[in-house]
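Single-letter residue listing:
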Amino acid sequence: MLQSRGATLAPGFLFDCDMGRNLDSALALSMLYGLGRGRLIAVGISNSDLDAAKFCDVIGRYYGSGGGLPLGLAEDGPKLENATMLRAPLALLNGEGQPVYKSNIRTTIDTGDPPVIFRNALLTQQDTQAIVVLAGPATNLARMVSWSSGKTVLSQKVRSFVMAAGSFAGAQSDPRIRADVASSRKLLAEWPTPIVAIGVEAGSAVPYPVDSMETDFGPDSNHPLVAAYRASRDSEAKTAATSGIPSQAVLAALYAANPGAEYFRLSPPGTIEVADDGRTAFKESATGNHRYLILDPAQKDAIMQAFVAMATVKPAARTTPGRN
């Protein structure tokens, strides 16, 4: 990515996720790709399922970025036990018996070590140009924080960090925190830039509307996100028919792209602590570097409309979109 000397460029987004566990990560990735070519600078995946990397690549190819974006895949991450939303789209064949969605990812050799991918991508950015979005366990980013060189790059290149993780209402814990409590603690304790957390309660309060998945992408949409939704709606998305798709990662992507939007409100500054069972506690402090998203019920419709507008942006025109 070439940069003009002295020019202030739009933020570049680094996205680390648990692709394949929830539809919201796929929605968030699509939303960040929809910002335009070059805005998404790297993608990391905290599980070690090759299909997760293939699906991320497929989404990139749909938006015209396939083959050029670094993909990091954790070598020792957990395997996905049930990833219908990935396997079904990747298995689709066209009338000629060829894959509907092609990927450049064949083996793990076609991916990289996430912290290395992140560091290299961030080095392409101007100082404080990048925004990091986490929609999964903290494993990959905590590894980067543990490197002195990694932490230096984060301090220099990252403007802010938005994490779809935690719970700030009631006593529930977030599965994304529970998946790696130690890494969550490390990340919250040592991350060198401001952090905004999006709790599970926020994602439940303003779900992504299911009707949008059925209609706004078009009945004949070839978007891989729609294929993933259709594959999952009869299993993990059974309850979504009435309640919508929990939007924790979607909110993270929307906030990262529009932090000054009038429909968002943040807590006072403070610190987020993680208990042994994965529950998060926020302690207000004037010197704290953490905040969490507070949703105003009156803004629900405006936020849902913003979800749809950002998720349904059309990719740049090309001859055969999504089916290279």
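Below you will find a few notes about this structure.

Cut-offs and rules
- Per chain, residues are indexed from 1 in the order of the written sequence.
- Local features are withheld for residues below a pLDDT of 70 in this predicted model, meaning they are given only at 70 or higher, and side-chain atom pairs are given and counted only at 80 or more; totals for whole chains, interfaces and linings count all residues.
- Each side-chain value is derived from all of the structure's non-hydrogen atoms; neither hydrogens nor water enter the calculation.
- For this document, the term salt bridge refers to a Lys or Arg side-chain nitrogen within 4 Å of an Asp or Glu carboxyl oxygen.
- By the criteria applied, helices consist of DSSP H or I runs no shorter than four residues and strands consist of E runs no shorter than two, each listed in order from the N terminus.
- Only protein chains enter the accessibility calculation, which uses a 1.4 Å probe. A residue is then buried if its area is under 20% of the maximum for its type, exposed if over 50%, and partly exposed in between.
- Throughout this description, the term nonpolar core refers to a set of buried Ala, Val, Leu, Ile, Met, Phe, Trp, Tyr and Cys residues connected via side-chain atoms within 4.5 Å.
- Here, two residues are considered to be in contact whenever any of their heavy atoms come within 4.5 Å of each other.
- Only the contacting stretch of a helix is used when fitting its axis, a line to C-alpha atoms as for every element, and angles between N-to-C directions run 0 to 180 degrees.
- Small angles under 35 degrees read as roughly parallel and large ones over 145 as roughly antiparallel, with 65 to 115 read as roughly perpendicular and the rest as oblique.
- Amino acids outside the nonpolar list (Ala, Val, Leu, Ile, Met, Phe, Trp, Tyr, Cys, Pro) and the charged list (Asp, Glu, Lys, Arg) are all regarded as polar, and Gly is one of them.

## Some points on the pattern of salt bridges
On inspection of all chains with the given rule, the structure shows 11 salt bridges. Salt-bridge contacts for Lys-186 lead to Glu-190; the nearest nitrogen and oxygen are separated by 3.0 Å. Placement of both Lys-186 and Glu-190 in helix 8 (residues 181-190) is noted, with a separation of 4 residues, approximately one turn of the helix. Given the relative accessible area of 28%, Glu-190 is considered partly exposed. Between Glu-273 and Lys-283 there is a salt bridge; the shortest N-O distance is 3.4 Å. Here the residue Glu-273 occupies a position in strand 8 (residues 270-274), and Lys-283 occupies one in strand 9 (residues 280-284), the gap between them amounting to 10 residues. A relative accessible area of 40% means that Glu-273 is categorised as partly exposed. Classification of Lys-283 as partly exposed rests on a relative accessible area of 46%.

## Section: the nonpolar core
Residues Phe-15, Met-19, Leu-29, Leu-40, Tyr-208, Leu-251 and Leu-254 are the most contacted members of the largest nonpolar core, which totals 68 residues. When neighbours within four sequence positions are excluded, Leu-251 is seen to be in contact with Ile-198, Ala-202, Gly-203, Phe-264, Leu-293, Leu-295, Ile-303 and Phe-307. With 31 residues, the next largest nonpolar core counts Ala-138, Met-144, Leu-187 and Ala-197 among its residues.

## What about the packing of helix 1 (residues 23-33) against helix 11 (residues 224-232)?
Relative orientation of the contacting elements helix 1 and helix 11 amounts to 170°, with a least axis distance of 10 Å. Judged by the inter-axis angle, helix 1 sits roughly antiparallel to helix 11. The residues of helix 11 that touch helix 1, namely those facing Leu-23, Ala-26, Leu-27 and Ser-30, are Leu-225, Ala-228, Tyr-229 and Ser-232. A class-by-class count of the residues in the contact of helix 1 with helix 11 yields 6 nonpolar, 2 polar and no charged.

Honestly, it's all geometry; don't read function into it.
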